[in-house]
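Chains, contacts and geometry: an overview
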Amino acid sequence: MLKRKSKSEYVMKKERYEMRFCGSGGQGVITAAVIFAEAAGVFGDYYVCQTQSYGPQSRGGSSKAEVIISTKEIDYPKVVKMDCFLAMNQTALDAFFSNFETDGLLIVDSTFVEQVPTSGAISLPFTEIARELGKEIVANIVALGAIGYLSGKVSMENLEKAVIARVPEKFRELNIEALHAGIELAKNVNVDNLSHSPSLDDIYGHTD
Amino acid sequence: MQSSSEDQSQKYLLQGNEAIVEGALAAGCRFFAGYPITPSSEIAEIMSRKLPTLGGTFIQMEDEIASMGAIVGASLAGAKSLTATSGPGFSLMQENLGYASMTEVPLVVVNVMRGGPSTGLPTSPSQADVMQARWGTHGDHAIIVLAVSSVADSYEITIQAFNLAEKYRTPVILLSDEIVGHTREVISLPPDQPVPIFNRIKPSVPPEWYLPYEDNSRGVPPMADIGSGYRHHVTGLMHDAKGFPNFSPGVTGGFLKRQYRKLANGADEIQMTKQFMLDDAEVAIITYGCVSRSAIRAVRMAREQGIKAGFLQLVTLWPFPKKAVDAVCRRCRAVLVPEMNMGQMVREVRAVNQNATLEQLNRFDGGFITPAILFRKLMSL
């Protein structure tokens, strides 16, 4: 079997990092993607490109947003191979899992996702935590904290600045609390101990 | 508005549509009339918030015919004017666009392209309006059409669109598409190197000597604001130097030739292109708008495989940048023209160089032409 790089090593080496955020309309995945992009590109020094599904499905049904982060100017603005995938429910996970990089990070909201397509998935209870904080609507920000921490692409300081810049003052405290709850959740995960999802090569020897 | 150097530049994450607004305001646009339509609506929405704070005027009109009429009028009165729409609205604008062309009124029309015909695919990208942008209004006419491919472009090229409109007294059409319009990228505003701003030349003669359509070396008559004391007769009929209807062959022929000549005079600055790895290229992609992003990626992928590929981006679609296209066709053994339509600009490339080995690649189902599709095609050339 080929020796794989550890997940953290893999993240560090990537010049272009491709992320997808999905859930159902109203779960705030587009907002989470925009805040992530601002943390990386406005408050950080990366080039970023943020796109989203745009259409009737964005008003109900599954919603999808993508963020490309790169140390160089970004040519193609959409995902080619996903390095990081956040799924807030089962339907969206199943619908948008294609193009997932075998060594990538799969992070799901265990509140709404029962089955995962790869053994290396990270299941965290974003919505449950948000409910405990008093407002289910901040589940996206809890997830943002976790994904920000685990991806290693943004500093927690910049992530917080980006949240503050986007959120109305009235809800600032709640959102910051949600962000930190997400970061704390993620701190308990050791990405290098996750099992890799096997490639066809691993299972069948060769696939040519 | 010239941005002063004291302004602290700041980074923003903006959509292409938002960057068009910023570019227009930086260029001095102070009048917007329009009717919202997906995927261009953000332009109208943000203009409605920003223009009043800058002393400008925003009007939501009853439809796109009226929108076009309103910006012609506002520009005649001296305001740099903009409207923004998508396919169905662009179709309605064609009549008054012809009027703007006949009366040589500087203005900018943004068309954020979506799939057509008719109401078509409201939320999907397309590049199928490139011929309509050239020939949508009836009659021979000269026009400038520009296409953007990124958020940075959307800012800069919008300023260029206003500059060209003002310099050449012509409507300018700015083509974006659903992908560029809705992609967010980081942009520093005001930019480190501000784009120079040009304003229309006003008459320097006393009012009684002024001829609003008199030829000169540039073919661009100075333009007096309506209401500024200069007699300025405006008609959609063929007209003489005074602006009054005149259908004599001499006047008619002279007028149309001047329309074409004034843009030919400025061809060097009007016909904008961008080049990527073309110096030693043996195969090349020629395209425009959002497909440029995939093309750059595909060229990089081909280079990694040892294929000498290059890319020519057409920023100006009309007047068609013949020289730049011909140079690529002569140099490369094969040229690929991908478009998100059934093959429109490829006809123009073929007309420029009939000896070139030309391949077209078209996608017209509302999807994006991906780098992988282009790469496979490049490898087979």
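Residues numbered from 1 in each chain as written. Chains lettered and ligands numbered in written order. Predicted model: local features only at pLDDT ≥ 70, side-chain atom pairs only at ≥ 80, totals over all residues.

Scanning chain A for helices and strands turns up eight helices and six strands. Along chain A, from the amino end to the carboxyl end, the secondary structure elements read α-β-α-β-β-β-α-β-β-α-α-α-α-α. Relative to its full complement of 208 residues, chain A shows a buried share of 49%. Pairs at least 24 apart in sequence give 64% of the contacts found in chain A among residues at least 6 apart. (Helix = DSSP H or I, 4+ residues; strand = E, 2+ residues; numbered from the N terminus. Buried ≥ 20, exposed ≤ 12 C-beta atoms within 10 Å, placed from the backbone. Contact = placed C-beta atoms within 7 Å.)

Next up on the list: the domain arrangement of chain B. Residue and element names in this part refer to chain B. One can read the domain layout of chain B as domain 1 (10–189), domain 2 (207–268) and domain 3 (275–380). If you average the C-alpha positions of domain 1 and of domain 2, the two centres end up 25 Å apart. Each side of the interface is counted separately: domain 1 has 13 residues, and domain 2 has 13 residues. Of all the elements in the fold, those that place two or more residues in the side of domain 1 that touches domain 2 are α4 (87–102) and α6 (151–168). Of the residues assigned to the side of domain 1 that touches domain 2, the class counts are seven nonpolar, three polar and three charged. (Domains from an automatic or database assignment. Nonpolar A, V, L, I, M, F, W, Y, C, P; charged D, E, K, R; others polar.)

Across the boundary between the two partners, chain B contributes 18 residues, which contact 17 residues of chain A. For the side of chain B that touches chain A, the secondary structure elements donating two or more residues are β1 (10–15), α7 (178–182), β9 (184–189) and α10 (291–304) of chain B. When residues in the side of chain B that touches chain A are grouped by element, the largest group, five residues, is from α10(B). By the bridge criterion, two bridges tie strand β2 (residues 47–52) of chain A to β9(B) in an arrangement that is antiparallel. Within β9(B), the residue paired with A:Q50 across the bridge is B:R184. (Pairing = 2+ DSSP bridges.)

Next up on the list: the sheet that holds strand β3 (residues 62–70) of chain A. Each strand in a sheet pairs with its neighbour through backbone hydrogen bonds, running either in the same direction (parallel) or in the opposite one (antiparallel). What the eight strands build is an open sheet, ordered β6(A)-β5(A)-β4(A)-β1(A)-β3(A)-β2(A)-β9(B)-β1(B); its pairing is mixed. On the outer flanks of this sheet lie β6 (122–124) of chain A together with β1 of chain B, each paired with one strand and no other. If you compare each strand with its neighbour and ignore which way they point, the axes differ by 20° on average. Note that strand β4 (residues 82–87) of chain A and strand β5 (residues 100–109) of chain A share five bridges and pair parallel. (Axes fitted to C-alpha atoms, helices over the stretch in contact; angles between N-to-C directions.)

As a further point, take helix α13 (residues 371–380) of chain B. In an α-helix, one turn spans 3.6 residues; hence positions three or four apart end up facing the same way. Within the span of α13(B), buried status applies to B:P371, B:L374, B:F375, B:K377 and B:L378. Across the axial projection of α13(B), the buried residues extend over an arc of 165°, all falling on one side. (Arc of directions from axis to C-beta.)

Residue and element names in this part refer to chain B. Reading across the sheet, the five strands line up as β10-β12-β11-β14-β15 and stay open at both edges, with mixed pairing between neighbours. Every interior strand has two partners, whereas the edge strands, β10 (273–276) and β15 (358–362), have only one. Adjacent strand axes in the sheet meet at a mean angle of 20°, parallel and antiparallel pairs treated alike. One ladder, built from five bridges, connects strand β11 (residues 283–287) with strand β12 (residues 309–314); its direction is parallel. Residue I286 lies in a different strand from β12, and its bridge partner there is L312. The strands touched by α10 are β10, β11, β12 and β14 (334–339); relative to β12, the strand with the most contacts, the crossing angle is about 170°. Against the sheet, α13 engages β11, β12, β14 and β15, with an angle of about 160° to β14.

Residues and elements named next belong to chain B. Burial runs high along β14: five of the six residues are buried. Where β11 and β14 come together, three bridges link them in parallel fashion. Looking across to β14, one finds that I285 is bridged to L336. Relative to β15, β14 runs parallel, the two sharing five bridges. Counterpart to E339 in the pairing with β15 is N362. In this view, the connection linking β14 to its parallel neighbour β15 by way of helix α12 (residues 345–352) has right-handed handedness. (Right-handed = clockwise from strand over helix to strand, strands pointing away.)

Turning to the environment of B:E282, a few remarks are in order. Residues and elements named next belong to chain B. Relative to the helices and strands, E282 is located in the loop between β10 and β11. A C-alpha to C-alpha distance of 8.0 Å links E282 and I307, two positions 25 residues apart in sequence. Not counting residues up to four positions away in its chain, the partners in contact with E282 are K308, C332 and R333.

The next subject is α12(B). All names here are of chain B. When α12 is considered as a whole, its buried residues turn out to be M345, V346, E348 and V349. Buried residues in α12, looked at end-on, bunch into an arc of 155°, giving them a common side. Along α12, exposed side chains directed more than 90 degrees from the buried face belong to R347 and A351.

Here we come to the nonpolar core. Counting 173 residues, the largest nonpolar core has A:V142, A:A146 and B:A284 as its most contacted members. Broken down by element, this core gets its largest block of residues, ten residues, from helix α2 (residues 29–41) of chain A. A domain-level breakdown of this core finds at least three residues from each of domain 1 (10–189) and domain 3 (275–380) of chain B. (Core = buried A, V, L, I, M, F, W, Y, C linked by C-beta atoms within 7 Å.)

Turning to the pairing of strand β1 (residues 16–24) of chain A, a few remarks are in order. All names here are of chain A. Counting buried positions along β1 gives seven out of nine residues, so the element sits mostly inside the fold. Here β1 pairs with β4 via four bridges, running parallel. Across the sheet, the residue bridging to F21 is L86, located in β4.

Residue and element names in this part refer to chain A. With their axes 10 Å apart at the nearest point, helix α6 (residues 156–166) and helix α7 (residues 172–187) run at an angle of 150° to one another. When the axis of α6 is compared with that of α7, the two are roughly antiparallel. Pair α6 / α7 crosses with right-handed handedness. Between α6 and α7, the contacting residues are M156, L159, E160, V163 and I164 on the first element and R172, N175, I176, L179 and I183 on the second. In the contact of α6 with α7, the residues fall into seven nonpolar, one polar and two charged. (Parallel < 35°, antiparallel > 145°, perpendicular 65-115°, else oblique. Left-handed = near helix turned anticlockwise from the far one by under 90°.)

Attention shifts here to the confidence of the model for chain B. Residues and elements named next belong to chain B. Of the residues in chain B, 98% have a pLDDT of 70 or more, and the chain-wide mean is 96. Note that residues 1–5 has pLDDT below 50 and, in this model, six contacts with residues that lie over four places away or in other chains. Across the assembled chains, the prediction reports ipTM 0.90 with pTM 0.94. (pLDDT = per-residue confidence, 0-100.)

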